[in-house]
Amino acid sequence: MSTPDAGVYISNGQMYQELRSLSDGVTRVETKLDTIGQGLTEVGKDVADHESRIRTLEHTMWRAAGGAAVLGAGAGVVAQFLMR
């Protein structure tokens, strides 16, 4: 037959030390999460700024492409008029 386990005895002092250690660890994690959250807010602002700038560049590109098409068509009409 097997003998019953006597178990493990943890004193109140040891339990208190473990709880303090756990509490300190949680505090460090919370601090790091706050720092990460602030960084994400700044990244969000940068992304919004980049989106705005990219949209402006795209808008300008399409205007330039439209202008080039109009000038090309106009040049074709002028060339046909001069060739007569």
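See the structure shown above.
This section reports on the structure supplied with the text. This is a predicted model, so every value here is computed, not measured.

### Let's talk about a nonpolar patch on the surface
Next up, step 1: Together, Val8, Ile10, Met15, Leu19, Leu22 and Val26 make up a nonpolar patch on the protein surface, roughly 600 Å² of accessible area in all.
Next up, step 2: Topologically, Leu22 is positioned in helix H1 (residues 12-83).
Next up, step 3: You can call Leu22 exposed: its relative accessible area is 56%.

### Section: the pattern of salt bridges
Side chains that differ in charge, positive against negative, can pair when their charged atoms come close.
Next up, step 1: Per the stated rule, a full pass over the model turns up three salt bridges.
Next up, step 2: Between Asp49 and Arg53 there is a salt bridge, and its shortest N-O distance comes to 3.8 Å. Taken together, the positions of Asp49 and Arg53, both in helix H1 and four residues apart, correspond to about one turn of that helix.
Next up, step 3: In this structure Asp49 comes out as partly exposed when scored by relative accessible area, which is 39%.
Next up, step 4: Judged by its relative accessible area of 51%, Arg53 falls in the exposed class.

Conventions adopted
- Each chain carries its own residue numbering, running from 1 in the direction its sequence is written.
- Only residues with pLDDT of at least 70 are given local features in this predicted model, and only at 80 or more are side-chain atom pairs given and counted; all residues enter the totals for whole chains, interfaces and linings.
- Only hydrogens and water are set aside when side-chain values are computed; all heavy atoms of the structure are taken into account.
- Two distance rules govern patches: like charges are joined within 9 Å, and nonpolar side chains (Val, Leu, Ile, Met, Phe, Trp, Tyr) within 5 Å, applied only to residues with over 30% relative accessible area and no salt bridge.
- Computed with a 1.4 Å probe, the accessible areas rest on the Shrake-Rupley method; for each residue, only the protein chains presented here act as cover.
- Each reported salt bridge corresponds to a side-chain nitrogen of Lys or Arg within 4 Å of a carboxyl oxygen of Asp or Glu.
- Strands are runs of DSSP state E lasting at least 2 residues, helices are runs of H or I lasting at least 4, and numbering of each runs from the N terminus.
- Buried means the residue's accessible area, taken with a 1.4 Å probe over protein chains only, is under 20% of the maximum for its type, while exposed means over 50%, and partly exposed covers the values in between.

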